[in-house]
Amino acid sequence: MNPHAKLIFIMSLALGTSITISSNHWILAWTGLEINTLAIIPLISKSHHPRAVEATIKYFLTQSAASALILFSSLTNAWSTGQWDITQLNHPTSCLVLTMAIAIKLGLVPFHFWFPEVLQGSSMITALLLSTLMKLPPITLLLITSQSLNPSLLTLLAISSALIGGWMGLNQTQTRKILAFSSISHLGWMIVIIAYNPHLTFLTFTLYTVMTTTVFLSLNQIKVLKLSTMLISWTKTPTLNATMMLTLLSLAGLPPLTGFMPKWFIIQELTKQEMTPTATIITMLSLLGLFFYLRLAYHSTITLPPNSSSHMKLWRINKTPNTSTAILSVLSTSLLPLSPLIATMF
C-alpha cells in the first residue's frame, strides 16, 4: 500500500475516534463511527487475498447494520424526547436498540460471528487495530449511556460472551482467531460491570489494550500465524517468547501479573452490588479462557516438541530490540503492585 494512502487512513481512524469520544450529539458520534469504518476497510483489504476481501465485505455489512441501528435509536429518542444529547437517552426502545447496535459493533455474543473471521482475514497490525482502537468509540458510547441501559440485558450479554469466547477458543489453531475469542471473552468482563462502575470498565479496557497490543506486536515480530509455527519460534527470539508467555498468562488473569487486577476489582464490585452469583459464574467461565492461554504459553516456550514437526528449526535473528514492545511487556506483567494507586485514580 502507498505510504501516503496508509497515512491518510490512519489519520482518518484517529479523527473518527476523536470525534466520537468527544461528541455530545448523536449525529456527530455517528459520523465519527462512519469515518472509522470507511478508514479501516482499505487496511483490511490491502493484501487483495480472497480471504481479506471476504473479511472486508463481512466487516462492512455488519458495521453498516450497526450504524443504521445507532442512527435509528437516536432518531427514535429524539422523536420522543426532543433531545439529541447522548446523555439524554430515556426512551426504552432506543435503549434496547442502542444496546444491540453496540453489541454488533463490539462483537458481543450473539453478534460475534463476524469478528473471528474478519481478524483471520486481516494482517496482524490491522487485527490489532480491530481488537483495540476500533472498540474504543463503541465502548465510549456505552460508558456515556450506561445509566440508561438495562443492567439485566447487559449481564446476560456479558455472561454469554464470557462463555462463548472461552468455549469457542478451545479448539482453535490460528493465533488471530484465538485472540479474537479472547477479545470476546474480555468484553464480557467489561460489559458486566459497566452499569455499576463505568470507570472500572474503562480501566479494564485500558489494561486489555496494553496486554493485547503486546501480544500482537510480539506475534508480528516473530511472524507466527498458527500454533504449529509457534512451536519452533523460540529459536528466533527466545527472550521475546519468554516475555510473550508472561503476557499471555497476564491476559488469562493469573496473579501476580497485571491482568489479575481488573478481574479482582470487578469481582469485588459485583460482590458489593450483591451480585455474587454473577461474579461466581463469570469467574468460573474465565477458566475456559485460561486453558487456551496456557496452551499458547506452552507453545511459545517449548523447546522440544512432543511429536515430530515438519518445520525446520530457524536460526536466531539478531534484530535491534523493539523498545515499544519491551515497555508494553513490562506494563503487561508488573502493574499489580500499583493496584491501590490505580484504584484511587479510577
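Because the structure is a prediction, the values reported are computed rather than measured.

## Digging into the overall build of the protein chain
Here is step 1: Broken down by element type, the protein chain carries 16 helices and zero strands.
Here is step 2: In summary, the protein chain has a C-alpha radius of gyration of 20 Å against a globular reference of 20 Å for 346 residues, a match within 12%.
Here is step 3: For the protein chain, the spread of C-alpha atoms along the principal axes amounts to about 65 × 50 × 35 Å.
Here is step 4: Among the 346 residues that make up the protein chain, the fraction classed as buried is 53%.
Here is step 5: Contacts spanning at least 24 positions in sequence make up 77% of the contacts within the protein chain whose residues lie at least 6 apart.
Here is step 6: Computed over 17 positive and 6 negative side-chain charges, the separation of the two mean positions in the protein chain equals 22 Å.

## Brief notes about the packing of helix α13 (residues 260–272) against helix α14 (residues 276–301)
Here is step 1: Contact geometry for α13 and α14: axes closest at 8 Å, N-to-C directions at 155 degrees. Taken together, the axes of α13 and α14 are roughly antiparallel relative to one another. Judged by the twist between their axes, the crossing of α13 over α14 is left-handed. Along the contact surface, α13 presents K263, I267, L270 and T271, while α14 presents T276, A279, T283 and S286.

## A few points about unusual backbone geometry
Here is step 1: Between V109 and the following residue, P110, the backbone shows a cis peptide bond with an omega angle of 10 degrees.
Here is step 2: Looking at the element boundaries, P110 is found in the loop between α4 (92–106) and α5 (114–120).
Here is step 3: Here P255 and P256 are connected by a cis peptide whose omega angle stands at 5 degrees.
Here is step 4: Within the element layout of this structure, P256 appears in the loop between α12 (238–252) and α13.
Here is step 5: Positioned with a positive phi, K223 is a non-glycine residue whose angle comes to about 55 degrees.
Here is step 6: Its place among the elements puts K223 in the loop between α10 (198–222) and α11 (227–230).
Here is step 7: By relative accessible area, K223 is classed as exposed at 55%.
Here is step 8: In the Ramachandran plot, E274 falls in the positive-phi region, its phi being about 60 degrees despite a non-glycine side chain.
Here is step 9: Relative to the helices and strands, E274 resides in the loop between α13 and α14.
Here is step 10: A residue is classified by how much of its surface remains accessible, and E274, at 72% relative accessible area, is exposed.

So, how was this worked out
Residues numbered from 1 in each chain as written. Predicted model: local features only at pLDDT ≥ 70, side-chain atom pairs only at ≥ 80, totals over all residues. Heavy atoms only, no water. Helix = DSSP H or I, 4+ residues; strand = E, 2+ residues; numbered from the N terminus. Rg over C-alpha atoms; globule rule 2.2 N^0.38 Å. Buried < 20%, exposed > 50% of the residue type's maximum accessible area, 1.4 Å probe, protein only. Contact = heavy atoms within 4.5 Å. Lys, Arg positive; Asp, Glu negative; His and termini not counted. Charge placed at Lys NZ, Arg CZ, Asp CG, Glu CD. Axes fitted to C-alpha atoms, helices over the stretch in contact; angles between N-to-C directions. Parallel < 35°, antiparallel > 145°, perpendicular 65-115°, else oblique. Left-handed = near helix turned anticlockwise from the far one by under 90°.

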